[in-house]
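# Observations on the model geometry
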Amino acid sequence: MPALPTAADVADAARLIAPVARRTPLLSSPELDALTGARVFLKAESLQRTGSFKFRGAYNRLARLNADERRTGVVAMSSGNHAQGVATAAKLLGMPALIVMPKDSPALKRERTAAAGAEIVLFDREKDDRVAMAAGIAAERGATLVPPFDDFHIMAGQGTVGREICEDLAGLGLKPDAVIVPVSGGGLLAGVALAVHEVAPGARIYAGEPEGFDDHTRSLAAGTRLGNEKMGGSICDGLLAPMPGELTFAVTRPLVAGGVVVSDEEVKRAVAFAFRELKLVVEASGAVPLAALLSGRLDVRDQVVVLVVSGGNIDPALFASIVA
């Protein structure tokens, strides 16, 4: 197996991305404290550059390419947030980017990816092999393939979310007892687990997933990677990877306590709650940890709990229908 990142690699990534990535706020919530009997904080990656945490890992990966690799550019596959992260990082670093995206990805994410200067090729989730498509295009162009999660530097970059959580809590004299992270392939979950366990080894990290796409929850319970039967059909368009990544699962298996699974209706209620009570615009995928908390999936009384709000790139029409 290839080398896996450590907390030291997360620290190195934090130094590299500091000049370009936003240090997003760790927001407290008296409303959620009262509802749960816990001290609840939200890491608002919806306010990150490109509207999601994905910019962190993308820049950390692309900034390490040499001059020849930058000339031939990069190819990535994404439902939208990794696409925007890679496209924006490539633009900042002066290299071409092509993104393989599903046809059913939100129009806003496709538009924002194109606006950052990337070329887009669409695929069908149910029929096409996105990995093979992206690899084939990269081989044709001599470009570097940038995976959405199963990559050393992607995981380390995403781990800066967890590092910032711990640093900001330390400023309040606190350590996390529980952290809920939305998960698709596992890059964010792996990185956050590395960073948090370095500072708070007793903290419990949970994978947040939508019903029907609970591959991490089942895989963690079984101790081996298991896949999903479906490839689409959830409002959480960013959390539909077919199974945990090989590298990400190698990191998360010993560090993550388990998973929490929520329904699309619970996610919609969380999106509405975030807007009405917290004044945050959160996409469905990013609202999964909040949905898990609001639905009482975990008993968090008297604990310090952090919800990773991973992104805010929600389709305007969908958002209007939820919060109306």
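Described in the following lines is the structure provided in the data block. (Residues numbered from 1 in each chain as written. Predicted model: local features only at pLDDT ≥ 70, side-chain atom pairs only at ≥ 80, totals over all residues. Heavy atoms only, no water.)

### Topic: the pattern of salt bridges
Applying the stated criterion to the full structure yields 18 salt bridges. Across the salt bridge formed by R56 and E45, the nearest N and O atoms sit 2.8 Å from each other. Here E45 lies in the loop between β2 (39–44) and α3 (54–62) and R56 lies in helix α3, a separation of eleven residues in the sequence. In this structure R56 comes out as buried when scored by relative accessible area, which is 0%. A salt bridge links K109 to D237; its shortest N-O distance comes to 3.0 Å. With a gap of 128 residues between them, K109 in helix α6 (residues 107–115) and D237 in the loop between α11 (215–222) and α12 (246–255) connect regions that are remote in the sequence. (Salt bridge = Lys/Arg side-chain N within 4 Å of Asp/Glu carboxyl O. Helix = DSSP H or I, 4+ residues; strand = E, 2+ residues; numbered from the N terminus. Buried < 20%, exposed > 50% of the residue type's maximum accessible area, 1.4 Å probe, protein only.)

### So, the packing of aromatic side chains
Going through the model one piece at a time under the given rule, you end up with two aromatic pairs. Between F55 and Y59 the ring centres are 5.8 Å apart and the planes differ by 40°, which places this aromatic pair in the tilted class. Of this pair, F55 and Y59 both sit in helix α3, four residues apart, roughly one helical turn. Classification of F55 by relative accessible area gives buried; the value is 0%. Relative accessible area serves as the criterion here: at 12%, Y59 is assigned to the buried category. (Phe/Tyr/Trp six-rings, centres within 6.5 Å; stacked < 30°, edge-to-face > 60°.)

### Some points on the sheet that holds β2
Taken together, six strands build an open sheet; the order of strands is β1-β2-β10-β7-β8-β9 and the sheet is mixed. With one partner strand each, in any of the chains shown, β1 (26–28) and β9 (258–262) form the two edges of the open sheet. Across the sheet, the mean angle separating the axes of adjacent strands is 25° when strand polarity is ignored. Sheet topology note: the β2/strand β10 (residues 304–309) ladder contains six bridges and is parallel. Counterpart to F41 in the pairing with β10 is V306. (Pairing = 2+ DSSP bridges. Axes fitted to C-alpha atoms, helices over the stretch in contact; angles between N-to-C directions.)

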